[in-house]
Amino acid sequence: MGLFKRKDSKNSIQSDKEEQESFASNSARTSNASLRSPGFKGSGLPASIPELPIAKPPDPALDPAAYLRSIHAVRDRANYILVKAKRNKLNHFDVDMTKFAVTASYIVSIIKRDYAPEYESIPPHGRWQHFDVGGRPRVNQLLQSWPSTIDAQERTRRLIDLFVVSVLLDAGAGTKWSYKSKESGKVYSRSEGLAVAALEMFKSGLFSSDPTEPCQVDGAGLKKITVDVLAKGMQHSEQNQLAGLEGRAGLLIRLSDALNNQDFFGVDARPGNMLDYLLSHPSTLASSVPIVPITTLWSVLMDGLAGIWPPSRTQIDGVSIGDAWVCSSMPQSPPGQPWESIVPFHKLTQWLCYSIMVPMSKLMNIHFAGSDLLTGLPEYRNGGLLIDMGLLTLKEDDLKRGIEGYKENAQIKGQPNVEVVPLFNADDDVIVEWRAATVGFLDELLDEVNGQLGLRGEDQLTLPQMLEAGSWKGGREIAEVSRPNTKEPPIMIRSDGTVF
């Protein structure tokens with residue numbers, strides 16, 4: 001394949017020039033997209049809204065930490081890896097672009113199976129669907145259980161409370177954990193099991209300090225959380241081990257302190273009070289429906305919840321960046337510019353953003369301008385799909401190192417020890433490169449999927465619709481076929497309960 005031929009030295013300058021031009025093209029597309037104001041399709045709102053200026057990213061030369069914490073930086077930085085991937089120049093993966101259209105076709109087959117021809121009915125990717133596992137509309141049932149005197153704004157606050165806690169608990173559960181619903185007696189695992197567990201803990205008042213109102217989350221209520229309390233709520237035991245339990249408990253404990261920011265979360269320190277902040281913010285446009293710039297919501301989540309992330313995470317100038325990691329495939333930093341080697345993902349923040357936009361849209365008819373700045377989620381289902389379909393293949397040396405890591409980990413009691421796959425820490429260069437490539441290829445796959453479906457203009461699927469109906473679901477299904485005993489992804493990550 002000519003695309004992947006090794007360049008000789010006299011062609012290296014031309015190769016570098018082509019690579020820079022390719023990155024510039026991708027960046028230009030991203031920059032233009034950030035100024036559009038598309039509808040949050042799948043949420044029941046109109047497909048177009050009035051044009052609304054979207055805040056530009058901070059200048060990385062002046063404030064690299066603020067830039068890396070911005071939503072703009074996720075796609076910007078991942079584009080560097082995408083350009084290298086399409087030229088088969090990644091450090092840890094071989095890329096077979098002949099498998100790109102095949103990967104898109106697999107996604108299309110799943111979307112057609114479940115939704116054809118009513119593609120407009122595909123909901124945006126979000127936590128709501130996980131609560132409704134098994135066809136039971138638990139969120140609607142929750143809403144119906146509240147008195148009619150509870151207005152739409154308070155109902156939305158309560159759902160935001162629930163969704164925030166649920167998303168923060170939604171890291172990989174591991175292969176051995178499951179949850180038996182106290183309400184139905186049915187058993188659920190993985191992300192849906194975590195959702196049902198969070199919902200039942202929420203309804204029991206575990207996160208509330210007000211005994212007369214169990215269905216809320218507040219800072220004082222979260223002070224009750226300990227590892228043991230969460231273990232009991234999650235039905236964790238030696239025979240039913242939940243991966244990253246301590247990390248999840250730590251997130252909730254730190255959340256209790258973060259909610260003391262009264263500007264965002266009010267005097268009663270509730271996540272749901274961000275609704276009031278958003279509606280009263282100067283950037284919110286009051287038209288036939290409230291229009292909130294996605295950058296305003298992003299600032300609430302990044303600034304308001306900054307204190308919840310482990311202090312050991314990547315820092316620039318003493319500022320914690322969160323889910324952002326050094327990657328060797330990024331341009332080599334000159335002295336004094338270490339930020340250029342960092343790729344930010346902010347996966348849980350993006351998952352939170354996608355998830356809480358849904359109740360705000362459904363219950364309050366709020367519209368979000370510039371929502372296409374959000375990216376595909378760089379987690380193991382989307383990323384695993386790319387590997388299981390053969391688009392990405394881990395290089396031999398890294399494969400051997402990962403297998404050794406798995407074997408060492410398997411010696412620990414309770415850890416997986418069947419269906420051997422490579423295992424790495426979250427900060428390993430393999431994982432960072434894999435996640436960055438996933439962000440980039442999901443954008444590319446969206447275009448290809450819409451093309452194969454024959455969808456154009458306003459009929460095209462949005463990225464959150466493709467994530468919901470195709471890539472995330474497809475990644476899970478192909479993992480179940482490829483590794484039926486564990487249903488794990490083709491690469492495993494040591495989870496501390498705060499990343500995936």
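Computed from a prediction, not measured in an experiment: that's the story for all the values here. (Residues numbered from 1 in each chain as written. Predicted model: local features only at pLDDT ≥ 70, side-chain atom pairs only at ≥ 80, totals over all residues. Heavy atoms only, no water.)

Novice: Give a description of the pairing of strand β5 (residues 290-293) that names residues and reports values.
Specialist: Both strand β4 (residues 285-286) and β5 contribute to a ladder of two bridges, which runs antiparallel. Residue pairing in the sheet places Leu285 in a bridge with Ile291 of β5. In this antiparallel pair of consecutive strands, β4 and β5, the connection spans three residues. Bridge analysis of β5 against strand β10 (residues 367-369) gives three bridges, and the strand direction is parallel. Bridge pairing in β10 links Pro293 to Ala369. (Pairing = 2+ DSSP bridges. Helix = DSSP H or I, 4+ residues; strand = E, 2+ residues; numbered from the N terminus.)

Novice: Which residues make up unusual backbone geometry, and what are the values?
Specialist: With an omega of -5°, the peptide bond running from Ala116 to Pro117 counts as cis. Even without glycine at this site, Ala269 takes up a positive phi of about 55°. Tracing the backbone through its elements, the reader meets Ala269 in the loop between α12 (262-265) and α13 (274-280). Under the relative-accessibility criterion, Ala269 is labelled buried at 8%. (Buried < 20%, exposed > 50% of the residue type's maximum accessible area, 1.4 Å probe, protein only.)

Novice: I'd like a description of the packing of aromatic side chains, backed by residues and values.
Specialist: For any pair of aromatic rings, geometry is given as the distance between the ring centres together with the angle between the planes. For the structure shown, the criterion picks out seven aromatic pairs. Ring centres of Phe100 and Phe441 lie 6.3 Å apart, and the angle between their planes is 40°; on these two criteria the pair is classed as tilted. Taken together, the residues Phe100 in helix α4 (residues 100-115) and Phe441 in helix α18 (residues 429-453) connect sequence positions 341 residues apart. Accessibility classification places Phe100 together with Phe441 in one group, the buried group. Measuring from centroid to centroid gives 5.9 Å for Phe264 and Phe265, while their planes differ by 70°, and the two rings are edge-to-face. Taken as a pair, Phe264 and Phe265 share a single burial class, namely buried. Taking the ring centre of Phe131 as reference, the NZ or CZ of Arg127 above it sits at 5.9 Å. Residue placement shows Arg158 over the ring face of Trp146; its charged tip is 4.9 Å from the ring centre. (Phe/Tyr/Trp six-rings, centres within 6.5 Å; stacked < 30°, edge-to-face > 60°. Lys NZ or Arg CZ within 6 Å of the ring centre and 35° of its normal.)

Novice: Explain the side chain of Arg138 to me, using residue names and the numbers behind them.
Specialist: On the secondary structure map, Arg138 appears in helix α6 (residues 138-145). Of note is the side chain of Arg138, whose polar atom sits 2.6 Å from the backbone oxygen of Val133. What Arg138 contacts, discounting residues up to four positions off in sequence, is Phe131, Asp132, Val133, Tyr188, Val196 and Leu199. (Polar contact = N/O pair within 3.5 Å; in protein donor to acceptor, adjacent residues only side chain to side chain. Contact = heavy atoms within 4.5 Å.)

Novice: Go over the pattern of salt bridges with me, naming the residues and quoting the values.
Specialist: Pairs can form between side chains of opposite charge once their charged atoms are near each other. Enumeration according to the criterion identifies 23 salt bridges in this entry. With a closest N to O distance of 3.9 Å, Lys99 and Asp96 form a salt bridge. Its salt-bridge partner being Glu183, residue Lys203 comes within 2.7 Å of it at the nearest N-O pair. In this pair, Lys203 is assigned in helix α8 (residues 190-203) and Glu183 in the loop between β2 (178-180) and β3 (187-189), connecting sequence segments 20 residues apart. We classify Lys203 as partly exposed; its relative accessible area is 33%. (Salt bridge = Lys/Arg side-chain N within 4 Å of Asp/Glu carboxyl O.)

Novice: Which residues make up the packing of α4 against α18, and what values do they have?
Specialist: Put simply, α4 and α18 touch, their axes get as near as 9 Å, and they point 60° apart. Taken as axis vectors, α4 and α18 run oblique relative to one another. Along this stretch, α4 crosses α18, giving a crossing that reads as right-handed. Residue-level inspection shows Phe100, Ala101, Thr103, Ala104, Ser105, Ile107, Val108, Ile111 and Lys112 of α4 in contact with α18, the latter providing Phe441, Glu444, Leu445, Glu448, Val449, Gln452 and Leu453. When grouped by side-chain class, the residues that make up the contact of α4 with α18 number ten nonpolar, three polar and three charged. (Axes fitted to C-alpha atoms, helices over the stretch in contact; angles between N-to-C directions. Parallel < 35°, antiparallel > 145°, perpendicular 65-115°, else oblique. Left-handed = near helix turned anticlockwise from the far one by under 90°. Nonpolar A, V, L, I, M, F, W, Y, C, P; charged D, E, K, R; others polar.)

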